[in-house]
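# Coordinate inspection notes
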Amino acid sequence: MISCRACAENPPPWDRALAVVDYAYPWDTLIAEFKFHENAAWAHAFAGLMHNAPLVGPALDDADVVLPMPLAPERLRHRGFNQSTLLARQLCPHKTLHHALLRVIHTAPQSSLPRKDRQSNVQGAFAVDPFQRERIAGKKVVLLDDVMTSGASLAAATQALRRAGAAHITALVFARTARGDTQP
């Protein structure tokens, strides 16, 4: 297993993270097409690659629930769909809870901020729906997103899931930015 130096020095709140591809060419271009140009058809192809990646199938099989990263209502209205929800529906429809994890604060897009400001930008931005807490408490959760850059959004969402009593959280993303500071 490979872990990055930053994670070794400051462990993230999730139990493990899985990524399928590096967020680099051609994947960054295809993800942008999927996410920003209303090409939702990419969800099927990306989900197929994800499901066949090492460790992803077993993580999904072991999970009690799969939670897509939520978008703020304003961003969802503008985009017309949540790319993480589309991926979750393709990967594991029978375990996906679409509205258990909520985006309760509309924040600036993470991509518009320098890395050092991203954690504070999403602090407190997520919460578990109080009517769904029993479906999270004591459960193994897969938290699904399309891309992980700094990990700030996933960390903030994971903290909300921890407060709701999630027993184990696997962060699963299609693409992860390469940091260049990985070590065995």
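The shown structure was predicted, so the numbers you read here are calculated from the model rather than taken from an experiment.

## Topic: the overall build of the chain
- Across its full length, the chain carries eight helices and eight strands.
- Burial status across the chain gives 46% buried among its 184 residues.
- The contacts in the chain between residues at least 6 apart in sequence include a share of 79% that link residues at least 24 apart.
- Of the roughly 9400 Å² of accessible surface on the chain, a fraction of 55% belongs to carbon and sulfur atoms.

## Quick notes on the packing of helix 2 (residues 27-36) against helix 3 (residues 42-52)
- Interaxial distance between helix 2 and helix 3 falls to 10 Å at its minimum, and their mutual angle equals 135°. On the basis of their axis angle, the class for helix 2 and helix 3 is oblique. Both helix 2 and helix 3 take part in a crossing whose hand is left-handed. Across the interface between the two elements, Trp-27, Leu-30, Ile-31, Glu-33 and Phe-34 from helix 2 touch Trp-42, Ala-43, Phe-46 and Leu-49 from helix 3.

## So, the pattern of salt bridges
- Under the criterion given, the structure shown has three salt bridges.
- The shortest N-O distance in the salt bridge between Asp-146 and Lys-35 comes to 3.1 Å. You can see Asp-146 sitting in strand 6 (residues 140-148) and its partner Lys-35 sitting in helix 2, a full 111 residues away along the chain. Of the two residues examined, Asp-146 and Lys-35, each falls in the buried class.
- Asp-62 is the partner of Lys-140 in a salt bridge, and the nearest nitrogen-oxygen pair spans 3.2 Å.

## Some details on the packing of aromatic side chains
- Going through the model one piece at a time under the given rule, you end up with five aromatic pairs.
- Between Phe-34 and Phe-81 the ring centres are 6.2 Å apart and the planes differ by 40°, which places this aromatic pair in the tilted class. Remark: Phe-81 occurs in the loop between helix 5 (73-79) and helix 6 (83-91) and Phe-34 occurs in helix 2; sequence separation between them is 47 residues. The residues Phe-34 and Phe-81 share a single accessibility class, namely buried.
- A connected cluster of aromatic rings, assembled from ring pairs, spans Trp-27, Phe-34, Trp-42, Phe-46, Phe-81 and Phe-174.

Conventions and cut-offs
Residues numbered from 1 in each chain as written. Predicted model: local features only at pLDDT ≥ 70, side-chain atom pairs only at ≥ 80, totals over all residues. Heavy atoms only, no water. Helix = DSSP H or I, 4+ residues; strand = E, 2+ residues; numbered from the N terminus. Buried < 20%, exposed > 50% of the residue type's maximum accessible area, 1.4 Å probe, protein only. Contact = heavy atoms within 4.5 Å. Areas by Shrake-Rupley, 256 points an atom, 1.4 Å probe, with all protein chains shown as cover. Axes fitted to C-alpha atoms, helices over the stretch in contact; angles between N-to-C directions. Parallel < 35°, antiparallel > 145°, perpendicular 65-115°, else oblique. Left-handed = near helix turned anticlockwise from the far one by under 90°. Salt bridge = Lys/Arg side-chain N within 4 Å of Asp/Glu carboxyl O. Phe/Tyr/Trp six-rings, centres within 6.5 Å; stacked < 30°, edge-to-face > 60°.

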